[in-house]
Amino acid sequence: MSRPMIRRLVPVLSALALLAALPACSPAPSAAEPARALLSSLPPELASALDHFRAEGPKGWAFTQTTEGQGKNRVERYDPRQRGSARWTLLLENGVAPTEEEQRRYRDTRPPLDASSHLASQFDRAAVSLVSRDAASAVYEFALKPASETDTAAAHMRARVSLDLATGAIVRVELFNFRPFKPASSLVIEEAHTVLVYAPPADGRPALPLESTMTVKGKRFWFRDFEQTVASRFTDHEDASAKPRP
């Protein structure tokens, strides 16, 4: 469960892919799927928000990412004005600045291209329900479509999307399992919970990622419990495409 995670929202966007990459196996005995009334059609404001949603945040923005979990602390800077893996700079590893060789090895692990995770494409728009709504926001729940033929996690999971009604932007996404499942014969996932939080658009800027958290709990080989939590904070956002002030 500790494979390298290579996208900007490191712990979050790899959650389903990490589970789905394990060998297929029969599902664990579990409770029935929760019943919820489906919407007859997707609200226009929700459809528009999904069409424009990028889990990684908008293109062209620099930021600092601080990730904690599994006994480690890492601070990184992403700058889209650079090219290739040089867009990423390791600032601190467990509180210590890296050497030149450590920086080189770090950049060797960074993705060469700024690809999108296309997370919203896994939300089944034909299986969406309204969870709650007030004057400020609406929360919708989606079934998930498998990311690949070997994806054994999606059938046991749901996504909840919080829509800020004033701006029409998605400000929170939760991915969670509604029942335990077995992605491999020696592994039972009891809880898989990922949360993405965004600042709504303001002052001419788009919605920006603020934090992400991934928690996975389960059992290995039917008797050994494990729990892992990885959290990231995103700060010092900068519009790298903006012209410098005179």
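In case you missed it, the structure is sitting above this.
Position labels on residues start from 1 in each chain and follow its written sequence. Given that the model is predicted, a residue must reach a pLDDT of at least 70 before its local features are reported, and side-chain atom pairs must reach 80 or more before they are shown or counted; all residues, however, enter totals for whole chains, interfaces and linings. Hydrogens and waters are ignored; side-chain quantities use all the structure's heavy atoms.

Undergrad: How would you sum up the pairing of strand E1 (residues 61-69)? Please name residues and give values.
TA: When a residue's accessible area, from a 1.4 Å probe over protein chains only, is under 20% of the maximum for its type it is buried; when over 50% it is exposed; and in between it is partly exposed. By definition, any uninterrupted DSSP run of H or I lasting at least four residues is a helix, any uninterrupted run of E lasting at least two residues is a strand, and each is numbered from the N terminus. The element E1 is extensively covered by neighbouring structure, given that seven of its nine residues are classed as buried. Here eight bridges tie E1 to strand E11 (residues 224-239), and the two strands are oriented antiparallel to one another. Each residue of the ladder has a partner; that of threonine 66, found in E11, is arginine 233. Linkage of E1 to strand E2 (residues 72-78), two consecutive antiparallel strands, is achieved through a turn of two residues, within which glutamine 70 is found at a positive phi near 55 degrees. Strands qualify as paired when DSSP identifies two bridges or more between them.

Undergrad: Kindly report on unusual backbone geometry, identifying the contributing residues and their values.
TA: Although it is not a glycine, asparagine 94 sits at a positive phi angle of roughly 55 degrees. Residue position: asparagine 94 is located in the loop between strand E3 (88-93) and helix H4 (100-108). Relative accessible area serves as the criterion here: at 46%, asparagine 94 is assigned to the partly exposed category. The backbone phi angle of aspartate 236 is positive, close to 50 degrees, even though this residue is not glycine.

Undergrad: Describe the pattern of salt bridges, and please don't skip the residues or the numbers.
TA: A carboxyl oxygen of Asp or Glu within 4 Å of a side-chain nitrogen of Lys or Arg is what we treat as a salt bridge. For the structure shown, the criterion picks out 15 salt bridges. In this structure, the salt-bridge partner of glutamate 45 is arginine 133, at a minimum N-O distance of 3.9 Å. You can see glutamate 45 sitting in helix H3 (residues 44-52) and its partner arginine 133 sitting in strand E4 (residues 123-133), a full 88 residues away along the chain. Classification of glutamate 45 as partly exposed rests on a relative accessible area of 32%.

Undergrad: Describe the nonpolar core, with residues and values.
TA: Grouped together as the largest cluster of nonpolar side chains are 34 residues, with contacts concentrated most on Leu50, Phe123, Phe142, Ile170 and Val173. Of the residues forming this core, the biggest block, five residues, is contributed by strand E9 (residues 187-199). Should any heavy atoms of two residues lie within 4.5 Å, those residues are counted as being in contact. With sequence-adjacent residues up to four places away left out, isoleucine 170 is seen in contact with Ala49, Leu50, Phe53, Val161, Ser162, Leu163 and Tyr198. By convention a nonpolar core is built from buried Ala, Val, Leu, Ile, Met, Phe, Trp, Tyr and Cys residues, the set being connected through side-chain atoms within 4.5 Å. One finds Phe63, Tyr78, Tyr106 and Phe234 within the second-largest nonpolar core, a separate group that totals six residues.

Undergrad: How would you summarise H3 if you had to cite specific residues and measurements?
TA: Since there are 3.6 residues in each turn of an α-helix, residues three or four apart along the chain are aligned in direction. Considered for burial, the residues of H3 that qualify are Leu46, Ala47, Ala49 and Leu50. One face of H3 carries all of its buried residues, which in axial projection span an arc of 165 degrees. Structural note: H3 exposes Pro44, Asp51 and His52 on the side pointing more than 90 degrees away from its buried face. This arc corresponds to the set of directions leading from the helix axis out to the C-beta atoms.

Undergrad: Explain the packing of aromatic side chains to me, using residue names and the numbers behind them.
TA: We call Phe, Tyr and Trp rings a pair once their centres come within 6.5 Å, taking the six-membered ring for Trp, and we label the pair stacked below 30 degrees between planes, edge-to-face above 60, and tilted otherwise. Applying the stated criterion across every chain, the model contains six aromatic pairs. Pairing phenylalanine 63 with phenylalanine 234 gives two aromatic rings, centres 5.7 Å apart and planes at 70 degrees, and the pair type is edge-to-face. Within this pair, whereas phenylalanine 63 is found in strand E1, its partner phenylalanine 234 is found in strand E11, the two being separated by 171 residues in sequence. Phenylalanine 63 sits in the buried class, given a relative accessible area of 3%. One aromatic cluster in this structure is built from Phe63, Tyr78, Trp88 and Phe234. When the ring centre of tryptophan 88 is taken as origin, the NZ or CZ atom of arginine 110, which lies over that ring, is 5.6 Å away. In this scheme, Lys NZ or Arg CZ marks a charge over a ring once it lies within 6 Å of the ring centre and within 35 degrees of the ring normal. Here the basic side chain of arginine 220 rests over the ring of phenylalanine 226, its NZ or CZ set 4.3 Å away from the ring centre.

Undergrad: Mind laying out the side chain of aspartate 79, listing which residues take part and the relevant values?
TA: Its location among the elements puts aspartate 79 in the loop between E2 and E3. Among the polar contacts made by the side chain of aspartate 79, one reaches the side chain of arginine 81 at a distance of 2.9 Å. For aspartate 79, the contacting residues outside a window of four places in its chain are Ala62, Arg87 and Ala240. Polar contacts, as counted here, are pairs of nitrogen or oxygen atoms within 3.5 Å of one another; within protein the pair requires one atom able to donate a hydrogen and one able to accept it, and residues that are adjacent in sequence qualify only if both atoms are side-chain atoms.

Undergrad: So what's going on with the environment of proline 201? Which residues, and what values?
TA: Tracing the sequence through the fold places proline 201 in the loop between E9 and strand E10 (208-220). Considered as a pair, proline 201 and aspartate 164 are 37 residues apart in the sequence and their alpha carbons are 9.5 Å apart.

Undergrad: Give a description of the pairing of E11 that names residues and reports values.
TA: In terms of strand pairing, E10 meets E11 through 10 bridges, oriented antiparallel. Counted as the bridge partner of lysine 217 is glutamate 227 from E11.

Undergrad: Hey, could you go over the side chain of arginine 179 for me, with residue numbers and the actual values?
TA: Here arginine 179 is to be found in the loop between strand E7 (169-177) and strand E8 (181-184). Arginine 179 sits in the buried class, given a relative accessible area of 18%. At 3.0 Å, the side chain of arginine 179 forms a polar contact with the side chain of histidine 156.

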